[in-house]
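Chains, contacts and geometry: an overview
Residues per chain, in single letters:
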Amino acid sequence: MSELLASYVAGAWYTATDEGRVVADASTGETVARVSSSGFDARAMVEHARRVGGPALRRLTFPERAALLKTLAAQLSERKDAYYELSYATGATKRDSAVDIDGGIGTTFAFAGIGSRELPEGKLLVDGDLVPMGKQGTFAGRHVYTPLPGVVLQINAFNFPVWGMLEKLAPALLAGMPSIVKPATQTAYLTAAVVRDIIDAGVLPEGSLQMLCGDAGALLAELGGGDVIAFTGSANTAATLRGHDAVVRRAARFNAETDSLNCCILGPDAAAGGDEFDLFVKEVAREMTVKAGQKCTAIRRALVPRPAVDAVVDALQARLGRVVVGNPRSDSVTMGALVSVGQRDEVRDAVSALAQAGQVVSGDALKVEPVDADPQRGAFIAPVLLRCDDASRAEPHTVEAFGPVSTVMPYSDAAEAVDIAARGSGSLVGSVVSHDMDFVREVVTGAAPHHGRVLVLDRDCAGESTGHGTPMPQLVHGGPGRAGGGEELGGVRAVKHFMQRTALQGSPAALEALVAAG
Ligand code: NAP
């Protein structure tokens, strides 16, 4: 039987003594790892972060922390072939792994750059100008940021085992806060491999990074004010955590990135075969198939002018028909497996629910012939496109199929497109694919409050566009409502999420001296 994954607890590797939960390869069903945290010392872990990791990081200046991140990213780059190899077991193709592994390393490099270019020389981050507060000019106020004194507990989703950890770790380290990483059990072995390399490299100060493979419940009991819980995953788990005493009674900072029924809107100007029409079809098909649709930002709702629905469905059918599903280790495969057969069954159930409101026009959630793999043992599913001619139905706006699934719906005018977009109850990202600025303006103005990010895609930016589904380190990632109401990334703002904002008051000379001593 495979080895139980070790956790890194209070400066030592800890292995539970029970059998643990078995984690299977997504394509072959073979056991990859076992996961358990039973018996670990949660208090020691949190205290180690607070007493050893935090002080060590806080002794460093922003440029010194940025330099650590740069070294870390460079070292992970050298090891990435090993991560790619392991990543196949999650069901990911090489292209999918690039999003996770290179995406994570690139994000770490990006924060190293943000730290060295946009943060001050010292340890104090000043926010805004001096605010005079007395008529004589002897009393003033000024805001400053300092690192929170506690620990960041990252609780991550299964779909980005590398990026999901690094996109939180990098800004936390830059801020001067230590982290405990709790990977999703299903793909914890990949996160664990990266964390082991980071610990072995000895680049980070002891205590600034720990990892718990298993159940994080005991850690939550130790958290409170001065700590951060940074969660990514389902809305249900977010609701449980949001109601935990650590948050409700002890005021730990809580950030949630949850599920999201993102939309992509084709403009009325886009005729079949035109630039924007082709861009739209490409974007929807790509978002359905990258990571087999297991992306929080994937396009679940494709909104199309009513007269264009048939042409869009035809074009998507043609594209999706070329997708080769199978073992991601095989060169001919363009879409791998879902992370587990349990997830596949959940996606099948979600497709059945969505089909109540429309019809499946491409793919069959119950039938697939994977290349180089046994359909019984692997978590394979064909890409499934649905068409729902009645956008007022609830299902497409409420049911998340976390797989290669999207629904095409018609709209009549810009106002209705905005209305349908808003029915997702808050999304991470929405796209408008159009070259008609009047339409774009109306849709963006109406849809922006319901989204964390909006992409306006047209022929002018397509060549350099990073795409609908890619969160960028410099820009906000997060969304209102159903998307969790949180915010991550976004350059220096991401660093501030791990810092306390304090209003300093005193004489202008005293404030000036404090800031200068930074
Ligand atoms: P999940 O079941 O909510 O699990 C997420 C994480 O929470 C895992 O690490 C899980 O640990 C942990 N967890 C579960 N119950 C917990 C509890 N009671 N206390 C503490 N931790 C707990 O979500 P998932 O199935 O991994 O991820 C898929 C979902 O995440 C999808 O709905 C997707 O839309 C969403 N997602 C959102 C984003 C975003 O950025 N907005 C990104 C990726 C995914 P175990 O694995 O050990 O159970």
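Structure first, text after, so check above.
Now for a look at the structure at hand. Keep in mind the model is a prediction, meaning the values are calculated, not measured.

A few words on the sheet that holds strand β17 (residues 427–433). Across the sheet, seven strands lie side by side as β14-β15-β16-β13-β12-β17-β18; this open sheet has mixed pairing. Edge positions in the sheet fall to β14 (359–362) and β18 (451–457), since each of these pairs with one other strand and no more. Strand-to-strand twist in this sheet, taken as the mean axis angle between neighbours without regard to direction, amounts to 25°. Bridge count between strand β12 (residues 262–266) and strand β13 (residues 299–305): four bridges; the pairing is parallel. Residue pairing for β13: Cys263 is matched across the bridge by Arg301. Packed onto the sheet, helix α10 (residues 275–289) meets β12, β13, β15 (384–387), β16 (405–411), β17 and β18 and runs at close to 160° relative to β13.

The strand order β5-β6-β21 describes an open sheet built from three strands, whose pairing is antiparallel. The sheet terminates laterally at β5 (125–132) and β21 (499–506), the two strands that pair on one side only. Here the average twist between neighbouring strands, direction ignored, is 20°. Relative to strand β6 (residues 140–147), β5 is paired through five bridges, and the arrangement is antiparallel. Looking at β6, one finds that Leu125 is bridged to Tyr145.

Another aspect to go through is the site of the ligand. Every one of the 24 residues lining the ligand counts as a neighbour, but Asn156, Thr185, Ser234, Thr237 and Glu400 are closest to it. For the ligand, an oxygen atom lies 2.9 Å from a polar atom in the side chain of Lys182. Computed on the free molecule, the ligand has an accessible area of 910 Å², of which 81% lies beneath the protein chains in the complex. Where the shell around the ligand is concerned, the elements lending two or more residues are β10 (228–232) and α8 (235–242). Here the residues of the shell around the ligand sort into 10 nonpolar, 10 polar and four charged.

In this model, helix α6 (residues 188–201) (14 residues) spans 20 Å end to end at C-alpha, consistent with the 20 Å of a helix rising 1.5 Å per residue. With 10 of 14 residues buried, α6 is to be regarded as a mostly interior element. For α6, the set of buried residues is Ala188, Tyr189, Leu190, Thr191, Ala192, Val194, Val195, Asp197, Ile198 and Ile199. Gly202 sits one or two positions beyond α6 and adopts a positive phi of about 65°.

Right, let's talk about the packing of aromatic side chains for a bit. In total, this model carries four aromatic pairs according to the counting rule given. On the basis of an interplanar angle of 50° and a centroid distance of 4.8 Å, the ring pair of Tyr8 and Trp13 is categorised as tilted. For Tyr8, a relative accessible area of 5% corresponds to the buried category. A residue is classified by how much of its surface remains accessible, and Trp13, at 29% relative accessible area, is partly exposed. Measuring from centroid to centroid gives 5.6 Å for Phe160 and Trp163, while their planes differ by 70°, and the two rings are edge-to-face. The exposure classification of Phe160 matches that of Trp163, with both residues buried. The ring of Trp13 carries Arg196 above its face, with NZ or CZ at 3.9 Å from the centroid. The ring of Phe160 has Lys291 sitting right over it, with the charged end atom 5.0 Å from the ring centre.

Another point: the nonpolar core. Counting 60 residues, the largest nonpolar core has Leu5, Leu69, Leu76, Phe111 and Leu209 as the members making the most contacts within it. Here this core gets nine residues from one element, more than from any other, and that element is helix α5 (residues 163–175). Those residues in contact with Phe111 that sit more than four places away from it in its chain are Leu69, Ala170, Pro171, Leu174, Pro473, Leu489, Gly491 and Ala494. Listed in part, the 45 residues of the second largest apolar core include Val304, Val313, Val399 and Ala401.

Here the focus is the pattern of salt bridges. Taken as a whole and assessed by the stated rule, the structure comprises 22 salt bridges. Ionic pairing is found between Lys80 and Asp102, a salt bridge with its closest N-O pair at 2.6 Å. Residue Lys80 is located in helix α3 (residues 80–87), and its partner Asp102 is located in helix α4 (residues 94–118); the two are separated by 22 residues in the primary sequence. On the basis of relative accessibility, which here comes to 24%, the residue Lys80 falls in the partly exposed class. Residue class for Asp102 comes out partly exposed when judged on its relative accessible area of 26%. Between Asp275 and Arg459 there is a salt bridge, and its shortest N-O distance comes to 3.8 Å. Of the two residues, Asp275 sits in helix α10 while Arg459 sits in the loop between β18 and β19 (476–477), which places them 184 residues apart along the sequence. Classification of Asp275 by relative accessible area gives partly exposed; the value is 44%. Each of Glu47, Arg50, Arg51 and Asp227 takes part in salt bridges that share partners, so that together they form one network.

Here the focus is a nonpolar patch on the surface. On the surface, a cluster of nonpolar side chains totalling about 270 Å² of accessible area is made up of Val131, Met133 and Phe139. Relative to the assigned elements, Met133 resides in the loop between β5 and β6.

What counts and how
Residues numbered from 1 in each chain as written. Predicted model: local features only at pLDDT ≥ 70, side-chain atom pairs only at ≥ 80, totals over all residues. Heavy atoms only, no water. Pairing = 2+ DSSP bridges. Helix = DSSP H or I, 4+ residues; strand = E, 2+ residues; numbered from the N terminus. Axes fitted to C-alpha atoms, helices over the stretch in contact; angles between N-to-C directions. Contact = heavy atoms within 4.5 Å. Near = heavy atom within 4 Å. Polar contact = N/O pair within 3.5 Å; in protein donor to acceptor, adjacent residues only side chain to side chain. Areas by Shrake-Rupley, 256 points an atom, 1.4 Å probe, with all protein chains shown as cover. Nonpolar A, V, L, I, M, F, W, Y, C, P; charged D, E, K, R; others polar. Expected span 1.5 Å × (residues − 1). Buried < 20%, exposed > 50% of the residue type's maximum accessible area, 1.4 Å probe, protein only. Phe/Tyr/Trp six-rings, centres within 6.5 Å; stacked < 30°, edge-to-face > 60°. Lys NZ or Arg CZ within 6 Å of the ring centre and 35° of its normal. Core = buried A, V, L, I, M, F, W, Y, C linked by side-chain atoms within 4.5 Å. Salt bridge = Lys/Arg side-chain N within 4 Å of Asp/Glu carboxyl O. Patch = residues over 30% accessible without salt bridge, like charges linked within 9 Å, V, L, I, M, F, W, Y side chains within 5 Å.

The values are spatial; any link to function lies outside them.
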